[in-house]
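Below are the chains, spelled out letter by letter.
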Amino acid sequence: MTAAADLEAPQTMQFKTELKQLLDLIIHSLYTKKEIFLRELVSNAADAIDKVRFEGLTNPGILEGDTDWKIRLIPDEKAKTLTIRDNGIGMSREQIVENLGTIAKSGTKAFLQNLQKAEAKERPELIGQFGVGFYASFMVADRVTVISRPAGGGEAAKWESDGQGEFSVSPAERPEGRGTDVTLHLREDASEFLSPWKLREIVKRYSDYIEHPIVQAKVTEKDGKTETTDEVLNSRQAIWLRPKHEVKAEDYNAFYKQISHDFEDPAKTIHISAEGGAVEFRALLFIPSKKGMDFMAGPEKKSSIDLYVRRVLIQHESEEVAPPYLRFVKGVVDCADLPLNVSRETLQHNPVLAKVKSNLANRVLKTLEDMKSSDFDAYRKFFDEFGVYLKEGTATEWSTKDKERLADLLLFQSTATKAGEYTTLDKYVAAMKAEQKEIFYLVGESRQLLENSPYLEAFKARNEEVLLLTEPIDEYLIQSLSTYKDKQLKAADRGEVKDEETDDQKKQAEALKPLVGVIKEKLGDAVADVRLTRRLKESAAVLVAEEGAMSPQMERLMARMGRGGEIPPSKRVLELNPAHPVVAKLQSLHERNAGDARIESIGRLLYDQAVVAEGSKIEDPAAFARRLNELIALVTS
Ligand SMILES: Nc1ncnc2c1ncn2[C@@H]1O[C@H](COP(=O)(O)OP(=O)(O)OP(=O)(O)O)[C@@H](O)[C@H]1O
C-alpha cells in the first residue's frame, strides 16, 4: 500500500470516555421527545451559517460568492436516511475530530450525573442545554454520517459512527462546496422522520424563528410534468423586531424554549423597543422559571443574551449588553446603532453598548420590582431560584442607585418571619423601634441552627428582629452592603453588647473580675479575651468575633474553598453570662480556693461548648470528652 492510499483509508478513533457514557445514555434510554434532534441539528446549521456570514463581513473572499444561505432537509425514503445540509462555515478533518469526538466542556461528569437522575422526558432538553445537541441524532439514527468542507478552500472530510464507542474519519468529496451534510440512517422506529409533512410540523414547532430559510423539496404535477420547487418551512420572522401587540404569549414562549432548551415557560417575558432615546435597540428577554442545567453543571455562563445588529448575530452570549449579575436572563438584543462589521474587540467598552447595558438592567429591575409588588408569590418563587444573583448584584454594583434598587429586591428570613417566609430590608426598617439604631443580622448554616443560637437570646428578650442569613453569598453581600437607609447593618454575634447596667449588676461584675482573670489566664492563647456579657439570657458562655474580624462562617467558607491557610484564624472573645448558675458556682469555687483545678477544667468546657454552639470544630475533642466524663462522674457520684 502506498502512503497516499494510507491517507485515503478511513481512520478509526475512540470517543472520549464521557462521550461514550453520554451516547450510551442516549441510545439506551427511551425518549419521549425524539423529534428535538432536528431542532438541535438545524440550530447547529444556523450557527454555522451565522459564523461564516460574520467572517465574511471582514473577509468577503471566504464566501466564494455563495451567500444564498440555506438549511436543506433531504429525506430519502429508499435509503431510509434524512440529511440536514447547510452552506455554513463547515469543518476541516481536525475540527470534525475535535468537535464530534469529544465533549469540550468541563463539568461533564456533573452533567452526566444530572442526566442519569433526570426523568426520561427531561433528558433530551438537558442534552440540548449542555450544548451536546449533535449527539441527540443517535436518538433516531443507528448510524450518522457527516460530510463537511471548511470555508476558505480546505479539503472535505467524512465522519461516521454508530454511536457505539468508535468513529471513523476519511477524506471525502463535497460537490456542493463549503458546508456540512449530516446524514442520519434512521432506526426502524424513527421512519416517521422521512415524512415531509412531519418535518414541516417539527420545524414550525421548534425552529420557526431561525433567520435562514429551512427548506425541503416539494414535488408538484403541472401539465403532466413533475416540478420540484423549494418549500420554505419556517416563517423566519425575527420575533424581537415585531410590534408587541402582534406577538402572542405562545409565540414568545416557543421562542424562549427554542433559545433556552427549557421545557417550561419563562416566568417573565420582557419585550423592549427603545426608540428615540439615547440609543435605539430592540430586546426580547426572558426570566426563566427555574435554573437550567447551564447553571448547575460546570462553569457558569457569563451571559445568556445574544447580540445582533440588524438581525445578524454578532456575539453569542455577549457580556457587553447586561451586567454580569443578570447572566440568568436569556434572550436577544438587536442594536441598530452599531455598524455591522463591528469587531469583537471594539464591543468591549463600546459607548453604545454601555447605554444598552444600563437601559436593559433598568428594565429588568423594573420588571422584578413590579413582580414583587403585584405578585409576591411569583416573586418569591423567582427569588428562591435566582435571588443569589441579585445578592451578587447588590454586592458588586457600583452605581449607588442600582445598588439601592437591588437591595430593595432582596428577601430575607428573620426572627420575625416563619420558616420559609420572607421580609425585606424596607419592612425591617419600618418595624424598628425608635430606640433601635441598627439592622441586626446573624450568619450561619441553617435557620434552625441560627434560631437556637445563644447570640439571639438578648435580641429575643428585647423583642428585636434579627435577619437570618444562611447562604454562602450572604457574608459577601453584607460586607459590601454596610448600610441601608442610613441604618448600619450589624452582626448579632460581633463586638460587645453595651446595655445599661444596674448598680447591682455593676457590683456583681466587679466581684467576678478575679474569676474572669483566672479563666483568661488558664485559656491562654485560645482566646483574645474573656469578659462578662449581657447578651446571654439562658446560656452560660458564648464566643464572639471582635468587630471587623472575619466571622467564623467566613473562615469555614474559606476553608471549604481550600483557602483556609491564607488567613490566620481570628481569636474570639469568650463571653460569660454573670447571671448564669454555672458562673455563680465557679465564683464560689474561686472564693474558696482561687487555685482550684476545677476552675480551669470547667472554664475549658465552657469554651469548648461555645465552639460547638457557633458551629465550629473543637480543636481537641478527646480532651473535651475527658473533661465531660469527669464532670458526669462527679455529678453522679
Ligand atoms: N452543521 C455544522 N457545521 C459546522 N460545525 C458544526 C455543525 N454541527 C456541529 N458543528 C460543530 O460541532 C460542535 C458540537 O456541536 P454540538 O451540537 O454537540 O454542541 P454545540 O452546538 O457546541 O452546543 P450549543 O447547542 O450550546 O451551541 C459545534 O460547536 C460546532 O463547532
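The rules we used
- Residues numbered from 1 in each chain as written.
- Predicted model: local features only at pLDDT ≥ 70, side-chain atom pairs only at ≥ 80, totals over all residues.
- Heavy atoms only, no water.
- UniProt positions renumbered as here; feature names shortened; annotations may be inferred.
- pLDDT = per-residue confidence, 0-100.
- Contact = heavy atoms within 4.5 Å.
- Axes fitted to C-alpha atoms, helices over the stretch in contact; angles between N-to-C directions.
- Helix = DSSP H or I, 4+ residues; strand = E, 2+ residues; numbered from the N terminus.
- Parallel < 35°, antiparallel > 145°, perpendicular 65-115°, else oblique.
- Nonpolar A, V, L, I, M, F, W, Y, C, P; charged D, E, K, R; others polar.
- Patch = residues over 30% accessible without salt bridge, like charges linked within 9 Å, V, L, I, M, F, W, Y side chains within 5 Å.
- Areas by Shrake-Rupley, 256 points an atom, 1.4 Å probe, with all protein chains shown as cover.
- Salt bridge = Lys/Arg side-chain N within 4 Å of Asp/Glu carboxyl O.
- Buried < 20%, exposed > 50% of the residue type's maximum accessible area, 1.4 Å probe, protein only.
- Pairing = 2+ DSSP bridges.

- An unreviewed UniProt entry lists the protein chain under the name Chaperone protein HtpG, with Humisphaera borealis given as the organism.
- A UniProt comment under Subunit (unreviewed entry) is attached to the protein chain, and it reads "Homodimer."
- Its UniProt record, at the heading Subcellular location (unreviewed entry), says of the protein chain: "Cytoplasm".

### Quick word on the confidence of the model for the protein chain
In low-pLDDT regions, the fine details of the predicted coordinates are not to be read closely.
Argument step 1. The share of residues in the protein chain with pLDDT of 70 or more is 89%, and the mean pLDDT across the chain is 87.
Argument step 2. Below pLDDT 50 for its whole length, residues 1–5 participates in 1 contact with residues either more than four positions away or in separate chains.
Argument step 3. For this predicted complex, the interface confidence reaches an ipTM of 0.97, while the overall pTM sits at 0.72.

### Description of the packing of helix α17 (residues 503–523) against helix α19 (residues 581–592)
Argument step 1. Where α17 contacts α19, the axes come no closer than 10 Å and their chain directions differ by 85 degrees. Put simply, α17 runs roughly perpendicular to α19. For the pair formed by α17 and α19, the contact residues are Ala 511, Leu 512, Pro 514, Leu 515, Val 518 and Ile 519 on the first element and Val 583, Leu 586, Gln 587 and His 590 on the second.
Argument step 2. The residue inventory of the contact of α17 with α19, partitioned by class, reads 8 nonpolar, 2 polar and no charged.

### Examining a nonpolar patch on the surface
Argument step 1. A cluster of nonpolar side chains, Leu 628, Leu 631, Ile 632, Leu 634 and Val 635, forms an exposed patch at the surface whose accessible area comes to about 440 Å².
Argument step 2. Relative to the helices and strands, Ile 632 is located in helix α21 (residues 621–636).

### As for the pattern of salt bridges
Argument step 1. One pass over the full model with this rule turns up 39 salt bridges.
Argument step 2. Between Arg 178 and Asp 66 there is a salt bridge, and its shortest N-O distance comes to 3.5 Å. Taken together, the residues span a long stretch of sequence, with Arg 178 in the loop between β6 (166–171) and β7 (179–186) and Asp 66 in the loop between α3 (36–58) and β2 (71–76) at a distance of 112 residues.
Argument step 3. Residue class for Asp 66 comes out partly exposed when judged on its relative accessible area of 24%.
Argument step 4. Between Lys 70 and Asp 230 there is a salt bridge, with its nearest N and O atoms 3.8 Å apart. With Lys 70 in the loop between α3 and β2 and Asp 230 in strand β9 (residues 225–232), the pair connects residues that are 160 residues apart, well separated along the chain.
Argument step 5. Classification of Lys 70 as partly exposed rests on a relative accessible area of 22%.
Argument step 6. Residue class for Asp 230 comes out partly exposed when judged on its relative accessible area of 38%.
Argument step 7. What you see here is one network of salt bridges that share partners, running through Glu 35, Glu 192, Lys 198, Glu 201 and Arg 205.

### Remarks on the sheet that holds strand β19 (residues 487–491)
The strands making up a sheet associate through backbone hydrogen bonding, with each pair oriented either parallel or antiparallel.
Argument step 1. With respect to topology, 5 strands assemble into an open sheet ordered β15-β17-β16-β19-β18, the strand pairing being mixed. In this open sheet, the two strands that pair with only one neighbour each are β15 (413–414) and β18 (483–484).
Argument step 2. Direction of pairing for strand β16 (residues 439–443) relative to β19: parallel, over a ladder of 3 bridges. Counted as the bridge partner of Phe 440 is Lys 490 from β19.

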